Structures are given as C-alpha cells and as structure tokens.
2 protein chains.
Amino acid sequence: MFHISVDHESKKPMYLQIYEYIVNEIKQGQLPCNSKLPSGRELAQDLNISRNTVNMAYEQLESEGYIEAQPKRGYFVREMDGLLDLNTPLEVQLSNTGGETIKEYRVDFSPFGIDLRYAPNHRWQRLMKETMLDTGADLFRNGDPQGDIGLRTAIRDYLHRSRGVNCREEQIIIGAGTDYLLMLLTRLLPKDTKVAMENPAYQQAYRVFHNFNYTIYPMPLDEEGMEIQPLKESDANLAFVTPSHQFPLGIVMPVNRRLQLLNWAYEKEDCYILEDDYDSEFRYQGKPIPALQSLDTKGKVIYLGTLSKAISPAIRMGYMVLPKSLYEVYQQQASFYATTVSRIDQEIVRRFFAEGYFERHLNRMRGIYRAKHDYLLSRLATWKERVIIEGHSAGLHILLEFQDAMYSEAELVERAEQAGIKVYPLSAYYITGCSVYPTVLLGYANLTEEEMEDGLHLLEKMWEI
Amino acid sequence: MFHISVDHESKKPMYLQIYEYIVNEIKQGQLPCNSKLPSGRELAQDLNISRNTVNMAYEQLESEGYIEAQPKRGYFVREMDGLLDLNTPLEVQLSNTGGETIKEYRVDFSPFGIDLRYAPNHRWQRLMKETMLDTGADLFRNGDPQGDIGLRTAIRDYLHRSRGVNCREEQIIIGAGTDYLLMLLTRLLPKDTKVAMENPAYQQAYRVFHNFNYTIYPMPLDEEGMEIQPLKESDANLAFVTPSHQFPLGIVMPVNRRLQLLNWAYEKEDCYILEDDYDSEFRYQGKPIPALQSLDTKGKVIYLGTLSKAISPAIRMGYMVLPKSLYEVYQQQASFYATTVSRIDQEIVRRFFAEGYFERHLNRMRGIYRAKHDYLLSRLATWKERVIIEGHSAGLHILLEFQDAMYSEAELVERAEQAGIKVYPLSAYYITGCSVYPTVLLGYANLTEEEMEDGLHLLEKMWEI
C-alpha cells in the first residue's frame, strides 16, 4: 500500500522522511482527499520502526493541515482547494539580477566621498568592546522610539555648542539615516504639503519627496541662496534648504536671507523650513556658520543632521530636531514607530560623543580635508583663465565653471571619462533646467594629493587647458 | 566707540569674543544697518591685539552675512529683515516631557518579551571584534540599499532550509525592523491598496497601515485563521496574515486555508498576501510549519521576517522577501532609499548565521522556552475547570479563556493589576468588536519558573480560582 523507502542511514530524521513522502503523495494526487492513511501500528510494523516515529510524522501532517484524525476511524487526507505541484517551484526570473558592472574609474572626483583612510575603526572597536562589557545584555532590550536619552543628550549638547541649535532632548529623533528621517517626517507634515526646493538640489531628498507624491516647486537661487520672491508667490508650505553650504552650489546663506526665509514661514499657518545641515562641519576658515535653526524664535525650523559625512555613511545614523508643533504630532501619531537604530550602536556613538572623540575626530578630518582643499585650489591656479572656481568656502567639493564654451558640460564629462576620470555635471542636480555655463563638480574628500594630481593632469589634456 | 571687554585669560579665542560682541550689538539694535565698523587697524590698536585677530572676527561676520566690505570704505552692517533678539531664545514648552512614569509590575506576563538572560552578548562581542579586525575601515563604506549580498545569501539559505521559502538573494531587502519594512512596502504596493487584516491582529502593523491612510477591513477568524468568504466579498487587494502562529490567537493555518488564500490572490490582478512570520521559530513539537510563501507558485506572497524574537528586538533587523512583480517596482521606484542597517551590524549578523550560531542559538532558546511553556501548562492544569487554554502549540504566549463569566475581561485585568500582575486583555487586539468570552494573554518568555509561580499564585487569589 505505502512504498516508503526509509533510509535508516540518512541524517534526516525518520519521521521527516515519512512526513515528506506523504506530503509529496498528496501534492501529486497519489493520495486523494478523504483517502485513509494506514494506522500508526500498521505503518510502524511495515517499516520496522517505532510507533512513536510514525506518530510524530502524523502529528506534523495534522498540524500543517494535510490530514485529520477522525475519532475511532483513523487518519484521513483533508480536502484541498487547488492543486499543489511541488515539481514546478517558483522560478523567479529577475530582470535586474544585481550583477551590474560598476565602472571602475582611475580617479573619481566624487562629491559624496569621505576619506575612509582615517575612519575611526580602532576607536570604534574599543568603544564596542567597552559598551558590551559595561552594559552587556541590557542593550538587547527594547529601546526608546526616539533613540536612547543618553545619546539624545549628547547630540543636543553638541548641536547647541557647535551649531547654535536650541532644543531639548525630547525634540530629537534618532533614525537610520536621512532618507528614513525624511520618510518619518512625511508622517508628521500637514497633508497638503508642497515643497519648495533649491534648484539645483540634493537629489536624494528630491527623490524621497517625489516618491511620496509631494508637489515640488523648484526655486531659483541667487548668490545668497533660495530666492524669496518666487517662494512667496508659490503656495509651498515647506522650504527645503541647505543654508550652511548649499548643495551643490556651495552658497552660504547670509543672515538676512535667513531672516527673510524665517519671516516667510512665520506668516503662514502650518508652514515649515527644513534645514539640511549635511556637511556644515567642514568649513576651513573661522568657525562653522551657526544653523538657521538658531535664529528661529517661533518653532518653524525642522533641523536635519547626519553622521554620514562626519563619521561614515555606513553607520546609518542621523537625527532630526522637531519644532514643538511637529513634536506634538509625532507624539500623537507616529511615536509608535520603533527606533531604526540598534541600541548597541547608539551606545557606541553616545560614548564617541561624550568622551570627546567626535569633536577630536572632526578636528582631525577638518585638517585633512583643508589640506586637500588647499592643494586642489593651488593646483588649479593655472586654470583660472579658462574656469571660474566656485563653492570653495566649505564642504567637500568645488565647482568648475567653464565660461569659454569650448566644450559642453556633457562633452567635459565624456572627455574626462575617456581618460578614466569621473567628474560630476552640475546639470544633473537641476530639477528643471540646467546650468548656465558648462559646470562640473570636483569632490576631493576621498582622494590623495597624488590621485588629484593624476586626475587633474589628465583633465588638462582632455579639456585642453 | 566700541566697548568690547576682551578677556585675555578666557579659553574662548579672542576673535570669537569680538565676533560675539558685534553679533549681539547688531541683534540688539546698537549697531543699526549701514553703520560703519572701526577699521581692523583701529580696533586692533584699541584692544591691543593683533590685526589678524580682528580680521578673523570680521571675516566670520562677513561670511555669516552680518557685515559687508565696501571697497575702499571699510566694513558696514548689512540690512536685516526682521528684528533679532537673542534675549528671547525659543523656549520650548513640551506637553509631554517624556517623564512618563512606567508602572513597575511584580510579574509582567508580556507576550512581547524574550528571555534576555540568554542573549548572545559574549558571542556578539567576539563577532564584533573579529568583524572589525578582519574588515576594518572597509565596513565604513556605503552599503547596498538592499543590504549586503553576503548577509542576504545567509538569510536566503536559512529561510530556504528552515522555512521552505523559495527566493533569490535579489528578492531580499534587509531593513531596520518590521515597521520600517512596512513603511518601505507602502512605497511599492499599488496606489489603492486596501488591507484585509486578521481581527484580532498584530497592532503594530495595523498602526502602520492606518498611519498611511490605508483602508483596512477587519476579517473574522475561524479555527483555521482568516475566513475566505468575507475576504472574497471585500475589495481588499492585500491580505495581512500570520499563518504560522496567528497573533494573538495562536491559530496555525492549515494547508487548505493557505491554498484558498493563495487562490484568492491568484484570481486578482495586483493582489498580494503579506505573510508576517514573526515567531515561527518557536514551535515545540515537530518541525516548524513551512511558510505560506513556500506554497506560492505565482509570486503573490510578500514574506516578512525579523530577528527581534530570535535574537533581540534591540538589534533592529528584519527582512522582507518581495515577489518578482514588487521587486521590479522596488528597482524602479524605491531602490534609491539607502539601507537602514549599519554595515558593521550586517557583517556581525552574517557571521552569526554563516558560522551556525544562529541555528544553535535558536535551538537553545527553543529548549528554554519549551521548558517554560511546559511548566506553565502543567501549573495551569488545576485551572481547567474555569478556563480553556488556547494557542499553546507555538509561540511565546498562551490564552486563557474564561467561560464562566464571573469577571469581565476588564475586571480580570484590573484585579490582576491590584496584585501587581500584568496580564493582557485579548479585546485590546481587536480592530473592531471584542472577544466573545473574557480572555487574557499570558506571555512567559521573559519569566522564570519562580516568577510564573508567584504570578499565578496571586492570580488564583485575585480571580478566585
């Protein structure tokens, strides 16, 4: 009746062999519904195995719903809707198999890189160890949705001291990166939010807003940043700005434009400014420009910061400071979202801040980037007849504007690529329109002086400088 | 003219003292717009400091936009829109200051706990150390948006072996917890998604769907799980189910109901089943029930898993397996979202899987929880005249159903609380309606036998059992 060939030598438990045999018989229609299974005693005798083993197989079949016990009659195959056929498992043919070949460049002037040669991995390792020794299993407990209070206090102190940000720990939300924090912010903003964005802009934020189907108004920039008149004429109720160092143009927004922006927000109900302070740490003369948030007296600025530039994009940690009104919305509607950052990581970063390593690391990196920045600018001194160098007061990239129009922007990029050099066309960051003159971004954070020299030398040839 | 009292002993750099003095003068209206600042030479002489120090202060003021240099005339205060007044900094009065007093219970029968006495913190510490030694700064690089391929391979292997899940690495997305993955999923689902949810249900998923303004249809459950007829009659196009162990009722969905559910999804365009396999690891007899996804031949099941129960909720890591059609939407529309999990953590977990610790840890925890489960059931044997014990075939909690109606559910909870015992009313998990009989959940994962005994003893008194 049953031709189960159990393999007594197999590693697979006997009960599983019986279970799998019967599942297959059912799936292939050999055991139709309502057919009776042999009794446990019969099958055990047949196969010369213990009654208990058969029982285990039958119990598994019963708990998965393949068979049912009918009192005093034994086990029967249950009715099934739809035919199963294990012989045609789901064969997934994916259009994009992730095997994209990423082009390797000889020199990549990425504006998004940071210098990982100086990543604090030894310090990190030590803090990890100390964290686990000091706190142990405690860190495996559920954490606060906003992030642990100790870390929020450390971040508040840092933001107040270094960026002039006025806030309480309660207003800070720690999250796994800027994209996530923007996602969470969409849960808090008024329903009909329309976003005024700098044009050109940080593409990642644009993508998030676009993905959430927000109306987006690209705003022109003058030499002081986002223009106020077109903003006032639009019905935008959120202005996304990078006042410390506009991405990609590098504009530092002066106090007066900041005040104008704040006044715009003060005059409207449910109207906010989203300040992305993504790389304010890297300023090479004087002290960092205080955050726009520090001028806000009416709770209109949402402040966004990240550890991606200062430590590493891989640690996935950012923070958002909510003004009071949005904090209240958060409390009511979104505080149920569990935190997105591991508590172990939170504690490591807290120590990194509290023990002063963060500011020391920043100072060190500032020195390293300043040297690269100065080297790049001095090396480009001879280019000044052909290009205007812009956006060099802060941050980790500069802009080269070609006013002679010998090559178009696309040609500049294309010719660089022919020599294995990657440069970044400014027009790619425009939401609408494009740059007036052919302009490319050169990032330098991730390059040594030798690499820069190599790249610039080749660019001189390809661009006929 | 200028009465700056510079403090030569102060730790604050001289240039900052000058800078701050002038900013305050401007903010308080003492230095109105267009007023001329003393020349660098004059001020340096006045204060008996170097010219360079004054220049640094002026440059900082200029770069923040407080003053401007007019050629051959010197520095002037710029025009400002709106009055600044630093004397009234933003005083944030928060309605909820986070100082909530969390009630401490003598015994908390939480269905959400896990036993952290056995958290793998030593193993974790070792893997952390090895990870940092082996890979170092490399882990500070940007990671794959879906999660690192090595970890996805480890998870695919585990899911295939233990849960019968059929998928390729490409279909897996690693994310910082179930809430985040559900958020991300809302970016992929068809626009008019209407969700059929088990009633009662897992509240956290309900909250996310509700927060994204999805139409939610509460579906009745019979002893096999979500009923099919009302599902068919609704216009839902997403069914959220917990087939391995329904939360909170503990129902294991039999094969036939699974097939009916799949057939429902097969018949509709853009229709999916979301399988939340949140605690399938903890089954005490036989092998775990294979995932519903393993029966899917047409790419209709979205599979959701988490490491919260198996390792710890604090490590913030879950995974989502997308069917082909949604994977394509992801590639086109949402793959720009950066990963939410640190690469260091991903590598630690990869090693935890690859080196076999995960399955060993699970086996150990299964044994520990089984012992607690068996103890609780045997201890409750004497209660059987008053209560029906349900949902005890798997997972980390059981249900006590009181059919005598001596106390209402609220009274049961209230009386337990009087003795310092926390039990969880079933009705709290209903989207609409409530349980037929007074029923409470008792979770046991986080309790020792002594704590259970203490709690049950007190409950016997309070509930007059």
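Keep in mind that this is a model prediction, so the values were computed, not measured.

Draft legend 1. Representation of the overall build of chain A within the structure. When helices and strands are counted, chain A shows 14 helices and 17 strands. The C-alpha radius of gyration of chain A comes to 31 Å, more than 25% above the 23 Å expected for a compact globule of 465 residues. Along the longest, intermediate and shortest principal axes, the C-alpha atoms of chain A span 95 × 55 × 50 Å. Residues classed as buried in chain A amount to 59% of the 465 residues present. Of all intrachain contacts in chain A linking residues separated by at least 6 positions in sequence, the fraction that spans at least 24 positions is 72%. Accessible area for chain A stands at about 19000 Å²; split by element, carbon and sulfur atoms hold 46% of it. When the 50 positive and 65 negative side-chain charges of chain A are each reduced to one mean point, those points stand 5 Å apart.

Draft legend 2. Region of the structure containing the interface of chain A and chain B. Contacts between chain A and chain B engage 97 residues on the former and 97 residues on the latter. For the pairing of chain A and chain B, the buried interface totals around 8600 Å² over both sides, and the portion due to carbon and sulfur atoms is 60%. At the junction of chain A and chain B, the tally comes to 2 salt bridges. Taking the shortest distance from any N to any O, the salt bridge between B:Glu224 and A:Arg78 comes out at 2.2 Å. At the boundary of chain A and chain B, one finds 22 residue pairs in polar contact (both at pLDDT 80 or more). Residues belonging to the side of chain A that touches chain B are distributed by class as follows: 43 nonpolar, 31 polar and 23 charged.

Draft legend 3. Examining the relation of the copies chain A and chain B more closely. Superposing chain A onto chain B takes a rotation of 180° combined with a translation of 0.1 Å along the rotation axis, leaving an RMSD of 0.1 Å. The transformation just described matches what one would write down for a two-fold rotation axis. When the interface residues of chain A are mapped onto chain B, 100% of them again lie at the interface, so the same face is used by both copies.

Draft legend 4. Molecular detail of helix α3 (residues 51-63) of chain B. All names here are of chain B. Under the 1.5 Å per step criterion, the end-to-end length of α3 is 18 Å for 13 residues, consistent within 8% with the ideal 18 Å. All buried positions along α3 are accounted for by Thr 53, Val 54, Ala 57, Tyr 58, Gln 60 and Leu 61. The buried residues of α3 occupy an angular sector of 160° when the element is viewed end-on, so they sit on one face. Against the buried residues of α3 lie α1 (14-27), α2 (40-47), β1 (67-70) and β2 (74-77).

Draft legend 5. Molecular detail of the nonpolar core. Grouped together as the largest cluster of nonpolar side chains are 140 residues, with contacts concentrated most on A:Leu400, A:Trp463, B:Leu400 and B:Trp463. A:Leu182, A:Leu189, A:Tyr327 and B:Tyr180 belong to the second-largest nonpolar core, a separate cluster that totals 64 residues.

Draft legend 6. View of the pairing of β1(B). All names here are of chain B. Sheet analysis places β1 next to β2, joined by 4 bridges and oriented antiparallel. By the bridge assignment for β2, Glu 68 is matched with Phe 76. Counting the residues between successive antiparallel strands, the hairpin from β1 to β2 contains 3 residues, one of them, Lys 72, with a positive phi of roughly 65°.

Draft legend 7. Highlighting the pattern of salt bridges. Applying the stated criterion to the full structure yields 47 salt bridges over all chains. For A:Glu224, the salt bridge goes to A:Arg257, with nearest N and O atoms at 3.4 Å. Highlighted residues: A:Glu224 in the loop between β7 (221-222) and β8 (225-226) and A:Arg257 in helix α9 (residues 255-266), separated in sequence by 33 residues. A:Arg257 shares its class with A:Glu224; the two are buried. Where B:Arg152 meets B:Asp144, a salt bridge forms, and the shortest distance between an N and an O atom there is 3.3 Å. Using a relative accessible area of 4% as the deciding quantity, one classes B:Arg152 as buried.

Draft legend 8. The arrangement of the packing of helix α2 (residues 40-47) of chain A against helix α3 (residues 51-63) of chain A in detail. Residue and element names in this part refer to chain A. Axis separation between α2 and α3 bottoms out at 8 Å; the angle between their running directions is 120°. The angle between the axes of α2 and α3 places the two elements in the oblique class. Of the two possible hands of crossing, α2 and α3 adopt the one that is right-handed. Residues Gly 40, Arg 41, Leu 43 and Ala 44 of α2 pack against Arg 51, Val 54 and Tyr 58 of α3. Of the residues belonging to the contact of α2 with α3, the class tally is 4 nonpolar, 1 polar and 2 charged.

Draft legend 9. Local environment of the confidence of the model for chain A. All names here are of chain A. Chain-level pLDDT for chain A is 89 on average; 94% of the residues reach the 70-or-more range. For the stretch residues 96-101, pLDDT sits under 50, and the model shows 6 contacts to residues farther than four places along the chain or on other chains. Across the interface, the model reports ipTM at 0.87; the global pTM reads 0.88.

Draft legend 10. Quick peek at the sheet that holds strand β17 (residues 439-443) of chain A. All names here are of chain A. The strand order across the open sheet built from 4 strands is β13-β14-β17-β16, with neighbouring strands paired in antiparallel fashion. The sheet is open, and its two edges are formed by β13 (387-390) and β16 (424-425), each paired on a single side. Across 5 bridges, the pairing between strand β14 (residues 397-402) and β17 is antiparallel. Bridging from a neighbouring strand, Leu 400 pairs with Val 440 of β17.

Draft legend 11. How the structure looks around the domain arrangement of chain A. The domain architecture assigned to chain A consists of domain 1 (14-104), domain 2 (126-355) and domain 3 (359-462). Taking only C-alpha atoms, the centre of domain 1 of chain A and the centre of domain 2 of chain A are 53 Å apart.

Draft legend 12. Highlighting the environment of B:Leu442. Residues and elements named next belong to chain B. In this fold, Leu 442 is placed in strand β17 (residues 439-443). Residues Leu 442 and Tyr 424, 18 residues apart in the sequence, show an inter-C-alpha distance of 6.8 Å. Residues in contact with Leu 442, not counting those within four places in the same chain, are Phe 109, Leu 396, His 397, Ile 398, Leu 400, Val 423 and Leu 456.

Draft legend 13. Quick look at the packing of aromatic side chains. A full pass over the atoms with the stated rule returns 42 aromatic pairs over all chains. Put simply, the rings of A:Phe112, A:Tyr202, A:Phe247, A:Tyr278, A:Tyr424 and A:Tyr429 touch in pairs and so form one group of aromatic residues. Directly above the ring of A:Tyr272 sits A:Lys300, whose terminal nitrogen or CZ lies 5.6 Å from the centroid. Here the basic side chain of B:Lys298 rests over the ring of B:Tyr266, its NZ or CZ set 4.7 Å away from the ring centre.

Scoring rules and cut-offs
- Residues numbered from 1 in each chain as written.
- Chains lettered and ligands numbered in written order.
- Predicted model: local features only at pLDDT ≥ 70, side-chain atom pairs only at ≥ 80, totals over all residues.
- Heavy atoms only, no water.
- Helix = DSSP H or I, 4+ residues; strand = E, 2+ residues; numbered from the N terminus.
- Rg over C-alpha atoms; globule rule 2.2 N^0.38 Å.
- Buried < 20%, exposed > 50% of the residue type's maximum accessible area, 1.4 Å probe, protein only.
- Contact = heavy atoms within 4.5 Å.
- Areas by Shrake-Rupley, 256 points an atom, 1.4 Å probe, with all protein chains shown as cover.
- Lys, Arg positive; Asp, Glu negative; His and termini not counted.
- Charge placed at Lys NZ, Arg CZ, Asp CG, Glu CD.
- Buried area = accessible area lost by both parts, 1.4 Å probe.
- Salt bridge = Lys/Arg side-chain N within 4 Å of Asp/Glu carboxyl O.
- Polar contact = N/O pair within 3.5 Å; in protein donor to acceptor, adjacent residues only side chain to side chain.
- Nonpolar A, V, L, I, M, F, W, Y, C, P; charged D, E, K, R; others polar.
- Least-squares fit on C-alpha atoms with pLDDT ≥ 70 in both.
- Expected span 1.5 Å × (residues − 1).
- Arc of directions from axis to C-beta.
- Core = buried A, V, L, I, M, F, W, Y, C linked by side-chain atoms within 4.5 Å.
- Pairing = 2+ DSSP bridges.
- Axes fitted to C-alpha atoms, helices over the stretch in contact; angles between N-to-C directions.
- Parallel < 35°, antiparallel > 145°, perpendicular 65-115°, else oblique.
- Left-handed = near helix turned anticlockwise from the far one by under 90°.
- pLDDT = per-residue confidence, 0-100.
- Domains from an automatic or database assignment.
- Phe/Tyr/Trp six-rings, centres within 6.5 Å; stacked < 30°, edge-to-face > 60°.
- Lys NZ or Arg CZ within 6 Å of the ring centre and 35° of its normal.

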